[in-house]
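Architecture at a glance
So the chains spell out like this:
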Amino acid sequence: MKLPRVPVVIALVAVAALAAVRSAPPAEAAQVMRAADPSILRVDSTYHSVQSWNGGIAVRTASSPEGMAGAPVHQVWTDTRNLGEIWAPEFSMEGGRFYIHFSAGRGAAHRMYVISSARPNSDYGAETKVNLPDDKWAIDGTMFTFNSQRWFVWSGWAADTNVEQNLYIARMSSPSQSTGGRSIISQPREGWERVVGNPYINEGPEPIKDPNGQLHIVYSANGSWSDQYCLADLRLRAGGDPTYVWDWYKSNGCLFGSNRATMMAGWDPTLNVNGPGHHSFVLLYGDIATSPPAGPRFPLMFHAVPKGTPYSWENRYWYTGSFCWWGSVTYSRANVPGPNTDTGWGLKFFE
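Residues numbered from 1 in each chain as written. Predicted model: local features only at pLDDT ≥ 70, side-chain atom pairs only at ≥ 80, totals over all residues. Heavy atoms only, no water.

Time to look at the packing of aromatic side chains. For the coordinates displayed, the defined rule picks out 11 aromatic pairs. Here Phe 256 and Phe 349 contribute two aromatic rings whose centre-to-centre distance is 5.4 Å and whose plane-to-plane angle is 25°, an arrangement assigned as stacked. Of this pair, Phe 256 sits in the loop between strand 17 (248-250) and strand 18 (273-281) while Phe 349 sits in strand 21 (residues 341-350), placing them 93 residues apart in sequence. Exposure remark for Phe 256: the relative accessible area of 3% places this residue in the buried category. On the basis of relative accessibility, which here comes to 9%, the residue Phe 349 falls in the buried class. Here the aromatic rings of Phe 302 and Tyr 319 are separated by 5.7 Å at their centres, their planes lie at 15°, and the arrangement is stacked. Residue Phe 302 is found in strand 19 (residues 298-306), and its partner Tyr 319 is found in strand 20 (residues 317-332); the two are separated by 17 residues along the sequence. Comparing Phe 302 with Tyr 319 shows no difference in burial state: the two are buried. Through successive ring pairs, a cluster of aromatic residues spans Phe 256, Phe 281, Phe 302, Tyr 319, Phe 323 and Phe 349. For Arg 333, the ring lying beneath its charged end belongs to Tyr 249, and the centroid distance is 3.8 Å. (Phe/Tyr/Trp six-rings, centres within 6.5 Å; stacked < 30°, edge-to-face > 60°. Helix = DSSP H or I, 4+ residues; strand = E, 2+ residues; numbered from the N terminus. Buried < 20%, exposed > 50% of the residue type's maximum accessible area, 1.4 Å probe, protein only. Lys NZ or Arg CZ within 6 Å of the ring centre and 35° of its normal.)

Moving on: the sheet that holds strand 6 (residues 85-94). In space, the four strands of this open sheet follow the order 6-7-8-9, with antiparallel pairing throughout. Single-partner strands in this sheet number two, and they are strand 6 and strand 9 (128-129). (Pairing = 2+ DSSP bridges.)

What follows concerns the pattern of salt bridges. Within the structure shown, the criterion is met by 12 salt bridges. Ionic contacts of the salt-bridge type, sharing partners, join the residues Arg 111, Lys 129 and Asp 135 into one network. (Salt bridge = Lys/Arg side-chain N within 4 Å of Asp/Glu carboxyl O.)

This part covers the side chain of Asn 259. The residue Asn 259 is located in the loop between strand 17 and strand 18 in this model. A polar contact is formed between the side chain of Asn 259 and the backbone oxygen of Asp 227, at a distance of 2.9 Å. Once residues within four sequence positions are removed from consideration, Asn 259 is found in contact with Asp 227, Gln 228 and Pro 269. (Polar contact = N/O pair within 3.5 Å; in protein donor to acceptor, adjacent residues only side chain to side chain. Contact = heavy atoms within 4.5 Å.)

Bringing the sheet that holds strand 5 (residues 74-78) into the picture now. Read across the open sheet, the four strands follow the order 2-3-4-5; overall the sheet is antiparallel. The two strands at the open ends of the sheet, each matched to only one other strand, are strand 2 (39-43) and strand 5. Pairs of neighbouring strands in the sheet enclose a mean axial angle of 25°, with direction left out of account. (Axes fitted to C-alpha atoms, helices over the stretch in contact; angles between N-to-C directions.)

Once that is clear, we can look at the nonpolar core. Phe 144, Ile 185, Ile 217, Phe 281, Phe 302 and Phe 349 are the most contacted members of the largest nonpolar core, which has 47 residues in total. Here this core takes eight residues from strand 20, the largest share from any one element. Setting aside residues up to four positions removed in sequence, Ile 217 forms contacts with Phe 144, Val 153, Leu 167, Ile 185, Pro 205, Glu 206, Pro 207, Ala 232, Asp 233, Leu 234 and Trp 248. (Core = buried A, V, L, I, M, F, W, Y, C linked by side-chain atoms within 4.5 Å.)

Below is the structure:
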């Protein structure tokens with residue numbers, strides 16, 4: 001399914017509120033450790049992170065996100081079957097069990113897998129391939145529950161060649177089994193998410209619920225090998241169907257990035273890092289039902305490259321940051337079915 005290109009338009013945001021944020025002194029992002037693709041969740045007062053490590057997957061446990069760098073490394077799974085590159089493991093919890101979804105493969109063979117345990121940092125069994133609709137190239141998958149239904153959202157190819165990376169969603173009957181088809185919810189077709197490509201990408205999708213209970217999928221756009229990498233937002237309209245692409249509204253630019261030209265109107269670029277992306281909302285039990293209310297800032301983990309350092313995959317670090325909900329934000333589109341605008345909660349990200 002091809003989505004038409006939509007011109008960048010100005011979001012309607014309260015000018016006085018924007019001025020207040022701009023006048024606040026910036027807080028420098030806390031650099032945690034050299035790594036990419038963070039995934040972190042909180043269990044009571046303890047934090048657990050997962051990452052690709054030494055040909056497998058490792059978990060760290062600490063009393064704070066910043067403490068991950070000095071935390072013991074527990075390798076919980078090793079690629080004994082030589083599946084290939086192990087990318088972007090993602091933590092979730094369900095029914096008192098910990099699940100780690102990750103992508104493994106070489107080239108076009110990348111598919112999603114899952115391991116699970118009753119303990120966050122040990123006793124994981126063998127990997128199970130996630131049975132996704134159409135069985136196409138898939139990375140960056142994460143599981144969540146919304147409206148009492150288990151869902152899986154990921155970045156993938158439409159067919160068998162690397163033309164572009166789209167975002168897909170599917171219902172799941174279990175952490176490893178989909179039910180029904182896959183539905184596309186975003187393609188990289190906006191000018192601001194096509195600055196760096198070949199392929200152009202939408203990846204790293206992370207779900208969260210806003211104070212009105214509407215679902216958001218915050219994702220990374222532009223090539224991860226470039227300082228144009230950034231975070232953008234998909235907001236499901238009130239009462240919308242997650243599998244219907246036209247019920248999703250996309251931010252009119254990056255909401256967290258380091259290049260002013262691609263930022264949504266009213267959102268400022270980063271001061272201390274380049275190419276922030278592939279983030280993790282630090283939620284209690286990793287559950288979007290615990291998404292924060294309007295008001296204060298809440299923890300965020302993302303990867304980026306420090307300013308003044310050559311931008312490369314090898315120079316990526318985990319950083320702690322924060323985010324808050326931002327009210328009355330209008331996302332606009334054109335030449336599509338349904339209303340051209342949707343106003344609701346957006347997000348502000350802070351270093």
